Amino acid sequence: MRWTLAWMAIATGVVSAQDPVATMHEDQLTLVEHEVRSLAEAMPAEAYDFAPREGAFDGARTFGEQVRHLATMIFMTAARVLEEPSPYGPGRHNDGPDDVRSKTEVLAYLDEALAYARRAVGSLTTANHLDLVPSAFGPMPRASVAAGITYHSFNHYGQMVVYARMNGVVPPASVPTGDERTR
């Protein structure tokens, strides 16, 4: 009986083996989700409008705009992987919808972008990951475009960390867990 149920699950598609290319990209997306989402959650709502303004920071995005920009670019990059129009356009300054302002709205927008990206990277296979797709830099392998989700996200995560620390917030990823190596 147990084997019959297992074979029925496989035959109906309930159980399927994940392609290793998709798994690799999903693992990277999980890191982005953990680091970026936890930092965006840790930043107080009143600090979402914070941006340093002195010297080299003149004209810098606010913390909330950093998160919105990151989410917008996740949407747009994932859409390239899927070869479909992005659910959201770039908006002004590539920061997505202007009406997404509050912490709650920004976090929901980020969550939606991450879910969309998960669908995109889940579509990668050993058969299609080297297929060329259009990108802002010309045709690129689908997997290279998908990798842009991670490296672009961590670029902005670094900026978000600076803003958080300037507001007295320790990024959750930097909080000691007790398993660090000691020297």
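Refer to the preceding data block for the structure.
Residues numbered from 1 in each chain as written. Predicted model: local features only at pLDDT ≥ 70, side-chain atom pairs only at ≥ 80, totals over all residues. Heavy atoms only, no water.

Chemist: Go over the packing of aromatic side chains, please, and point to the residues and values.
Modeler: Note on aromatic pairs: each is described by the distance of the centres and the angle between the planes. In total, this model carries 7 aromatic pairs according to the counting rule given. On the basis of an interplanar angle of 85° and a centroid distance of 5.8 Å, the ring pair of Phe154 and Tyr157 is categorised as edge-to-face. Placement of both Phe154 and Tyr157 in helix H5 (residues 142–166) is noted, with a separation of 3 residues, approximately one turn of the helix. Take Tyr157: its relative accessible area is 11%, and that puts it in the buried class. Three or more aromatic residues link up through ring pairs in this structure, and these residues are Phe75, Tyr88, Tyr109 and Tyr116. (Phe/Tyr/Trp six-rings, centres within 6.5 Å; stacked < 30°, edge-to-face > 60°. Helix = DSSP H or I, 4+ residues; strand = E, 2+ residues; numbered from the N terminus. Buried < 20%, exposed > 50% of the residue type's maximum accessible area, 1.4 Å probe, protein only.)

Chemist: Just give me the short version of helix H2 (residues 20–42), but keep the residues and values in it.
Modeler: Look at H2: 33 Å from first C-alpha to last across 23 residues, which is about the 33 Å you get at 1.5 Å a residue. Along H2, the residues classified as buried are Val21, Ala22, His25, Glu26, Leu29, Val32, Glu35, Val36, Ser38, Leu39 and Ala40. On the buried face of H2, the contacting elements are helix H3 (63–82), helix H4 (103–122) and H5. For H2, the side-chain oxygen to backbone nitrogen distance between the N-cap and Val21 is 2.9 Å, and the N-cap itself is Asp19. (Expected span 1.5 Å × (residues − 1). Contact = heavy atoms within 4.5 Å. Polar contact = N/O pair within 3.5 Å; in protein donor to acceptor, adjacent residues only side chain to side chain.)

Chemist: Explain the pattern of salt bridges to me, and be specific about the residues and the numbers.
Modeler: Throughout the structure, instances matching the rule amount to 9 salt bridges. A salt bridge links Arg118 to Glu33; the shortest N-O distance between them is 2.8 Å. Of the two residues, Arg118 is situated in helix H4 and Glu33 in helix H2; the sequence distance between them amounts to 85 residues. Take Glu33: its relative accessible area is 31%, and that puts it in the partly exposed class. (Salt bridge = Lys/Arg side-chain N within 4 Å of Asp/Glu carboxyl O.)

Chemist: Could you give me a rundown of unusual backbone geometry, with the residues and numbers involved?
Modeler: Most peptide bonds are trans, and most residues other than glycine sit at a negative phi. Phi is positive for Glu83, close to 55°, though the residue is something other than glycine. Note that Glu83 resides in the loop between H3 and H4.

Chemist: Could you give me a rundown of the side chain of Arg68, with the residues and numbers involved?
Modeler: Mapped onto the elements of the fold, Arg68 is located in helix H3. When its relative accessible area of 3% is taken as the criterion, Arg68 is described as buried. In contact with Arg68, not counting residues within four places along its chain, are Asp95, Gly96, Pro97, Asp98, Val100, Arg101, Val106 and Tyr109.

Such coordinate-based values are descriptive only and should not be taken to indicate function.
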